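Analysis of the macromolecular model
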Amino acid sequence: MIHMRNISKIYDDNGTIALDHVNIDIEKGEFVFLVGPSGAGKSTFIKMLLREELPSSGELIVNGHDVVHMVRHDVPYLRRGLGVVFQDYRLLPDKTVYENVAFAMQVIEAPRRLIQRSVNSVLDVVGLREKYRCFPSQLSGGEQQRVAIARAIVNSPALVIADEPTGNLDPDTSWDIMDIFQRINKSGTTIIMATHDKTIVDRMKKRVIAIEDGHVVRDEAKGVYGYAV
Amino acid sequence: MRFDTIEYFVQEVFRSLKRNNWMTFASIGTVAVSLFVLGVFLILVLNVNRMASMLESQVQISVYLQEDIKQVDRVGIGQDIEKMQGIESVKYVSRDEAKKRLAERLGDQKYLLDALGDKNPLPESYEVTVKSPDMVETAAAAISKMDGVEEAKYGQDVVQHLFDITRLMRIFGLALMVLLAGATLFIISNTIRLTVFARRREIAIMKYVGATDWFIRWPFMLEGIVMGFIGGIIAAVALRSFYAAMAAKIYDTLAFFPLMPQYPFMNYITVALLLAGMVIGAIGSTISLKRFLEV
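**Digging into the nonpolar core**
One finds F33(A), V119(A), L123(A) and F181(A) to be the most contacted residues of the largest nonpolar core, which totals 85 residues. Residue contributions to this core peak at 10 residues, all from helix α9 (residues 213–253) of chain B. With sequence-adjacent residues up to four places away left out, F33(A) is seen in contact with M178(A), M193(A), T195(A), I200(A), V201(A), M204(A), K206(A), R207(A), V208(A) and I209(A). Of all hydrophobic cores here, the second largest spans 32 residues; its members include M4(A), L60(A), V84(A) and I192(A).

**Remarks on the packing of aromatic side chains**
Tallied over the full model, the rule gives 12 aromatic pairs over all chains. With a centroid separation of 5.8 Å and 50° between ring planes, the pair formed by Y8(B) and F9(B) is classed as tilted. Accessibility classification places Y8(B) together with F9(B) in one group, the buried group. Note that R90(A) overlies the ring of F86(A), its terminal NZ or CZ placed 3.8 Å from the centroid.

**Describing the sheet that holds strand β4 (residues 149–153) of chain B**
All names here are of chain B. With antiparallel pairing, the 4 strands of this open sheet are ordered in space as β2-β3-β1-β4. Of all the strands in the sheet, the pair left with one neighbour each is β2 (87–93) and β4. If you compare each strand with its neighbour and ignore which way they point, the axes differ by 20° on average. Both β2 and strand β3 (residues 125–130) contribute to a ladder of 6 bridges, which runs antiparallel. Bridging from a neighbouring strand, K91 pairs with E127 of β3. Contacting β1 (60–65), β2, β3 and β4, helix α3 (residues 71–83) crosses the sheet at an angle of about 165° to β2. Seen against the sheet, helix α4 (residues 95–106) touches β2 and β3 and runs at an angle of roughly 90° to β2.

**Some thoughts on the sheet that holds strand β4 (residues 57–62) of chain A**
Residue and element names in this part refer to chain A. Judged by pairing direction, the sheet is antiparallel, and its 4 strands sit side by side in the order β2-β1-β4-β5 without closing on themselves. At either margin of the open sheet sits one strand with a lone partner, and together these are β2 (17–26) and β5 (65–66). Of the pairings in the sheet, the one linking β4 to β5 comprises 2 bridges and is antiparallel in character. Bridge pairing in β5 links I61 to D66.

Here is what the cut-offs are and how they apply
- Residues numbered from 1 in each chain as written.
- Chains lettered and ligands numbered in written order.
- Predicted model: local features only at pLDDT ≥ 70, side-chain atom pairs only at ≥ 80, totals over all residues.
- Heavy atoms only, no water.
- Core = buried A, V, L, I, M, F, W, Y, C linked by side-chain atoms within 4.5 Å.
- Buried < 20%, exposed > 50% of the residue type's maximum accessible area, 1.4 Å probe, protein only.
- Helix = DSSP H or I, 4+ residues; strand = E, 2+ residues; numbered from the N terminus.
- Contact = heavy atoms within 4.5 Å.
- Phe/Tyr/Trp six-rings, centres within 6.5 Å; stacked < 30°, edge-to-face > 60°.
- Lys NZ or Arg CZ within 6 Å of the ring centre and 35° of its normal.
- Pairing = 2+ DSSP bridges.
- Axes fitted to C-alpha atoms, helices over the stretch in contact; angles between N-to-C directions.

Here's what the structure looks like:
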């Protein structure tokens, strides 16, 4: 699913080395936590998977796409195979729950019939079928994040990337969210999650990749968070 | 492109035109004013050009004879001209005839001639018609060298003047057009920038879920095009009534002025203005979008 060889990223403007010769392979169906202190390179890692940032050197294959040699025109097709969830949900406030999720299909010009079917089914997955007519402002934080997850998976991506998805949520709600991610993962979708949530990482016993100062310092199957909170 | 997509684009366009109503209003106004001025120049240049080329294509030479010319010589000159190459016809105009024609041409202002009393300062002349316009110059030159000929005139002076005027108008008009187009581009791209800014979250999400650049661009392009189009319509309507009023005025006072007939001329101008408005709108929105698409 992800094949990273000798990836380095040096930001031109200030010369910061965000990633330094990183080698990571992630297989289809894996559930991977990305941990490490703030500014260690997690965000750069995620941005690179989405091709928001290009590596300075190295080789990167994501979901069968050669990210490094990709022409600008093909970037949308890479992203159609990926779902993204952010800490701050990033929902559109003037659209309902249904419209927010459907939006992700509309903009890739999916047929209306398919949109209806898919949106209803992902709203079932995240348990928000009844609230489809609500606006984001009428929902709790956890519910908003569930809408964001529904949006991320509505196009059936092979890989879901989540950047601190529980960062703004209380522990109970966070577990609800993790439960949804686990179900998505069970259906075969690869999940990469950057997080600072020690409890979640320690309890889930999934693969943990720790990044510090642009280096992979730890890569363990069934790992733990490993940092003092 | 799917029908759903088009529907979505159209909705987006009208939503944002409404959301930025003041800026939309200002943009359309600027487009309208700019295009109107552009249209005025277009009309002027085209009309003067037409007049110049009409005069240029006149195949008639007026040959004025010396005042004290004898009748024999006069007839001789007429015969000499007739024998030249490329001459279609030669017609004698007596002094009386010339005065009568002048009186006709003056129309309402005929009284000006009364000041002359019985005197007639007009010379005798021949009206020489050549077979094709490109022979006028050589024929006129040859005739003016004949003995007893005061001068041989055709439209050259007037035509030269008119061309000078059109050249000036073209340069001035072009400079003005560039300025106005710049101002219009600026205000349209600013308006679109507001829309882009208002929808930046939406654009970011669209990029994340894999919308193509063109899918994101279209609603903004359309917004610019719609503003340009509406501005163009306003300019065209104003220009049409302006031209009609101007034409009426001109026909009242200068009946012989060869003004472009309103139809189909004004239809072409209208189409040109609409196209110009739409192109400016499209370019304006492309400018303001460029930065936001680089994600």
